[in-house]
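# Observations on chain architecture
The primary structure of each chain is shown beneath.
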Amino acid sequence: MSRGTNGNRIGWPQPWLWAMERAVEAAAAHRPHPNPRVGAVVLSSSGRPVATGTHRAAGSPHAEIVALAGAGSDAVGGTLVVTLEPCAHHGRTAPCVDAIAAAGISRVVVGVVDPDPRVSGAGVAALAFAGIAVEVGVPGIDAEAVDPGYFHHRRTGRPRMTLKLAATLDGQTAAADGTSQWITGAAARADAHRLRADADAVMIGAGTLRLDDPSLDVRLPGYTGAQPRPVVIAGDRALPAAASVYRRHPLVYRLGRSGAEPVGLEVLGAADLPAVVKDLGARMLVDVLVEGGPTLARSMLAAGAVDRLVLYLAGRLAGGLGRPLFDGVFATLGDARDLHIDQAIAIGGDLRIVARPC
Ligand SMILES: NC(=O)c1ccc[n+]([C@@H]2O[C@H](COP(=O)([O-])OP(=O)(O)OC[C@H]3O[C@@H](n4cnc5c(N)ncnc54)[C@H](OP(=O)(O)O)[C@@H]3O)[C@@H](O)[C@H]2O)c1
């Protein structure tokens, strides 16, 4: 296979490229965390697309199995194009490589190797051992980008932590009286709900819980997917006796002194925020959205626990001091954190900036 240079596609059969693009689209449509988002397309021996599969939820059939079932006998001598390396181990379902071989597939085009230690090249090796030709990686298609949280989680054991903030254009996240709903317009708020829909958990601090009593659920028209689990970070002060998220099995961590806790609420102890993040990873939460106020935002940044920042800047000016994006003192320029700005776009009358700490 000629891969050309600079990631160009010289020598790559058009049906494979087309099929991988469709497979990526299929993968993106569902959030089966803690399992990966995966999409697959079966091409017949003549290169004709015959079936598409998606992994919809943990415990449900893998994308390859769905696509092979759809293809039936058309899979014989055909090509399976799949965004992620097929599994070779027994989990809740049987190994995909066995099903691929049994279906008579002669070639598999894999988007990216699975970093999960139970797979990690074993799927590619098993396919090759079965006499099936395997190609890994399609130039110009970043198959990891379909589920960055999954790759981050499997490589580090921690969830990808996305800090989401909203502020006026002059950087005020709440007014002096604590009011902050709603700083941005309807389009940016709908976009923020899509971030929630992509998250396995949404984290706030006890300050936001007390002041806003948020529900932290996805409220998009027609949304029927899973709701993210609420996570609350408490310090030394008492939590409210009642709050909307208490009904949604929140994970509540107390980082300070424990006292009397609300009746019926399980409160977990943790040493610090990195310990919380580690525990969330051990609970197989893959993508966590942090929607706290300036205290939690500051703590997360200081702890080096932010993997991605999504900042909504409203098309409005506060014109004075209320609450900053991050509490605390900016003592000297050397303390500033450098960011990679990945995206800056207008949403409605507001701006959205997506960035990563360097
Ligand atoms: N514009 C926005 O994007 C946005 C988003 C969320 C909230 N807000 C606004 O922010 C305001 C609330 O601000 P806030 O700073 O109080 O909210 P917060 O950051 O959500 O919560 C702060 C509380 O979280 C706990 N906490 C956070 N980090 C901790 C750490 N490292 N160790 C121990 N405890 C920790 C402490 O709880 P204890 O109190 O128990 O010590 C602390 O008082 C509200 O006006 C809300 O509307 C704005």
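Residues numbered from 1 in each chain as written. Predicted model: local features only at pLDDT ≥ 70, side-chain atom pairs only at ≥ 80, totals over all residues.

### Comments concerning the site of the ligand
What surrounds the ligand is a group of 31 residues, the closest being Gly205, Gly207, Gly235, Gly293 and Thr295. With five residues, helix H7 (residues 206-212) is the largest single contributor of residues to the shell around the ligand. Taken together, the residues of the shell around the ligand sort by class into 13 nonpolar, 12 polar and six charged. (Near = placed C-beta within 6 Å. Helix = DSSP H or I, 4+ residues; strand = E, 2+ residues; numbered from the N terminus. Nonpolar A, V, L, I, M, F, W, Y, C, P; charged D, E, K, R; others polar.)

### Observations concerning the pairing of strand E8 (residues 201-205)
Within E8, five of the five residues are buried, which leaves the element mostly enclosed by the surrounding structure. A two-sided burial pattern is seen for E8, the buried positions comprising Ala201, Met203 and Gly205 on one face and Val202 and Ile204 on the other. Here five bridges tie E8 to strand E9 (residues 229-234), and the two strands are oriented parallel to one another. The residue bridging Ile204 from the neighbouring strand is Val232, located in E9. Where the polypeptide runs from E8 across H7 and back to E9, its parallel neighbour, the crossover connection is right-handed. Pairing analysis gives three bridges linking E8 to strand E12 (residues 287-290), with the strands arranged parallel. Along E12, the bridge assignment pairs Met203 with Val290. (Buried ≥ 20, exposed ≤ 12 C-beta atoms within 10 Å, placed from the backbone. Pairing = 2+ DSSP bridges. Right-handed = clockwise from strand over helix to strand, strands pointing away.)

### Some words on the nonpolar core
Val232, Val288 and Met300 are the most contacted members of the largest nonpolar core, which totals 48 residues. Here Met300 is in contact with Met161, Leu163, Leu273, Val290, Ala305 and Val306, once residues within four sequence places are set aside. Listed in part, the 46 residues of the second largest apolar core include Ala63, Val108, Val110 and Ala143. (Core = buried A, V, L, I, M, F, W, Y, C linked by C-beta atoms within 7 Å. Contact = placed C-beta atoms within 7 Å.)

### Some remarks on unusual backbone geometry
Following His33, the chain continues to Pro34 via a peptide bond in cis, the omega torsion being 15°. Between Gln181 and the following residue, Trp182, the backbone shows a cis peptide bond with an omega angle of 0°. When you line up the elements, Trp182 lands in the loop between strand E7 (172-174) and helix H6 (186-197). The backbone phi angle of Asp213 is positive, close to 40°, even though this residue is not glycine. Inspection of the secondary structure assignment puts Asp213 in the loop between H7 and E9. Given 12 C-beta atoms within a 10 Å radius, Asp213 is considered exposed. For Met284, which is not glycine, the phi torsion reads 65° and is therefore positive.

### Here we look at helix H4 (residues 122-129)
All buried positions along H4 are accounted for by Ala122, Gly123, Val124, Ala126 and Leu127. Summarising the contacts, the buried residues of H4 are in contact with helix H3 (96-102), strand E4 (107-112) and strand E5 (133-136). Positioned one or two residues after H4, Gly131 has a phi angle of 85°, which is positive.

### With respect to the confidence of the model for the protein
Of the residues in the protein, 98% reach a pLDDT of 70 or more, and the chain-wide mean stands at 94. Here residues 2-6 is a poorly scored stretch, pLDDT under 50, and it has seven contacts once near neighbours within four places are set aside; other chains count. (pLDDT = per-residue confidence, 0-100.)

### Some thoughts on the environment of Ile141
Tracing the chain through its elements places Ile141 in the loop between E5 and helix H5 (148-156). With 21 C-beta atoms packed within 10 Å, Ile141 lands in the buried category. For Ile141 and Ala336, which are 195 residues apart along the polypeptide, the C-alpha to C-alpha distance reads 34 Å.

### Focus on the sheet that holds strand E2 (residues 49-54)
Here we have five strands laid out as an open sheet, ordered E2-E1-E3-E4-E5, and mixed in their pairing. Each end of this open sheet is capped by a strand with a single partner; those strands are E2 and E5. Sheet twist, expressed as the mean angle between neighbouring strand axes with direction ignored, is 15°. Across four bridges, E4 lies against E5 in parallel orientation. Pairing of Arg107 across the sheet is with Ala133, part of E5. Packed onto the sheet, helix H1 (residues 14-28) meets strand E1 (39-43), E2, strand E3 (79-84) and E4 and runs at close to 145° relative to E1. Set on the sheet, H4 makes contact with E4 and E5; between it and E5 the angle comes to about 150°. (Axes fitted to C-alpha atoms, helices over the stretch in contact; angles between N-to-C directions.)

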